[in-house]
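Notes for the structure review
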Amino acid sequence: MIKENLAAIEEKIKKAAEKSGRKREDILLLGVTKTIDTERIGELMALGVTELGENKVQELCEKYEVIGDRAQWHLLGHIQKNNVKYIIDKVKLIHSADSVRLVKEINSRAEKNGKVQDILIEINIGNEESKSGIKKEETFELLDEIAGFKNIFVKGLMTVAPFVEDPEENRDLFKEMFKLFIDIRAKKRDNVSMEFLSMGMTNDYEVAIEEGANIVRIGTGIFGARNYNK
Ligand SMILES: *Cc1c(COP(=O)(O)O)cnc(C)c1O
């Protein structure tokens, strides 16, 4: 089913991109592989999707042992400060930077590894109690506080929008994210360049793309419902 699912998603991404004056190539599809075994991940990679998103540090590390740098890894979930050391040499992009303390740790681990780590700032755009990410209003303050960090580069913003029945309900929140993205872009900072707006999941990626997303993170839509008991 992965092949058929992917073909349908590709078509929808293309349509949504065109609706917003862009092309399919302007949008990065991340395959979200949490709970999915490496064999099925291999099937997806064989179809050309090699940028993968994982939620948990440990799960990413386990899969990295098998797949390694044949995939480009994105960390999407909340990270404990003391776990940064396990992923710093493995991840291309950390989507879930949400505090000065965490960014400081990423910066220092990156320095030890001789790299500059690309990160996205996670925004809790729906102000949901249950979600991580900072408030929209706190974004500029956080950027100021991390402005001197030389081994991180802020490449954009990420959000996990509320779970809704009808994706249209999230359109205004996606618009708010895009506006914030543009506002930050207008102000030059040494370690910031707003290239990526990571928003949209299986349920709402088309609306997210229409409103300006250029990274969508899709799991269920590709692999089907997750089985957490496996
Ligand atoms: C699980 C997850 C996704 C993918 O969700 P689906 O609804 O399965 O597409 C995307 N982003 C994050 C942060 C996730 O945790």
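Our subject is the structure listed above.
Criteria and thresholds
Residues numbered from 1 in each chain as written. Predicted model: local features only at pLDDT ≥ 70, side-chain atom pairs only at ≥ 80, totals over all residues. Heavy atoms only, no water. Near = heavy atom within 4 Å. Polar contact = N/O pair within 3.5 Å; in protein donor to acceptor, adjacent residues only side chain to side chain. Areas by Shrake-Rupley, 256 points an atom, 1.4 Å probe, with all protein chains shown as cover. 1 Å grid on protein atoms, 1.4 Å probe; cavity = no way out; pocket = protein on both sides within 12 Å on 5 of 7 lines; lining within 4 Å. Sits in = over half its atoms within 2 Å of the grid points. Nonpolar A, V, L, I, M, F, W, Y, C, P; charged D, E, K, R; others polar. Patch = residues over 30% accessible without salt bridge, like charges linked within 9 Å, V, L, I, M, F, W, Y side chains within 5 Å. Salt bridge = Lys/Arg side-chain N within 4 Å of Asp/Glu carboxyl O. Lys, Arg positive; Asp, Glu negative; His and termini not counted. Charge placed at Lys NZ, Arg CZ, Asp CG, Glu CD. Helix = DSSP H or I, 4+ residues; strand = E, 2+ residues; numbered from the N terminus. Buried < 20%, exposed > 50% of the residue type's maximum accessible area, 1.4 Å probe, protein only. Contact = heavy atoms within 4.5 Å. Axes fitted to C-alpha atoms, helices over the stretch in contact; angles between N-to-C directions. Left-handed = near helix turned anticlockwise from the far one by under 90°.

This part takes up the site of the ligand. Taken together, Val32, Lys34, Asn55, Leu76, Val160, Met201, Thr202, Arg217, Ile218, Gly219, Thr220 and Arg226 make up all the residues around the ligand. Contact between the ligand and Asn55: an oxygen atom at 3.0 Å from a side-chain N or O atom of the residue. Here an oxygen atom of the ligand and a side-chain polar atom of Arg226 are 2.8 Å apart. Contact with the protein chains covers 90% of the free accessible surface of the ligand, which is 380 Å². Judged by the proximity of its atoms to the pocket grid, the ligand belongs to the largest pocket. Of the residues in the shell around the ligand, the class split is 5 nonpolar, 4 polar and 3 charged.

The grouping of Glu137, Glu138, Glu141 and Glu145 at the surface amounts to a negative patch. As for its placement among the helices and strands, Glu137 is situated in the loop between strand S5 (117-123) and helix H6 (139-145).

Among the secondary structure elements, Lys63 is positioned in helix H3 (residues 57-67). Judged by its relative accessible area of 8%, Lys63 is buried. A polar side-chain atom of Lys63 sits 3.0 Å from the main-chain carbonyl oxygen of Ile36. Among the polar contacts made by the side chain of Lys63, one reaches the side chain of Glu54 at a distance of 2.8 Å. Dropping the residues within four chain positions of it, Lys63 is found in contact with Thr33, Lys34, Thr35, Ile36, Thr38, Ile41, Glu54, Gly68 and Trp73.

As a further point, take the packing of helix H2 (residues 38-46) against H3. Between H2 and H3, the least distance of the axes is 11 Å, while the angle of their chain directions is 65°. Viewed along their axes, H2 and H3 form a crossing whose handedness is right-handed. Along the contact surface, H2 presents Thr38, Ile41 and Met45, while H3 presents Lys63, Val66 and Ile67. Class assignment of the residues belonging to the contact of H2 with H3 gives a composition of 4 nonpolar, 1 polar and 1 charged.

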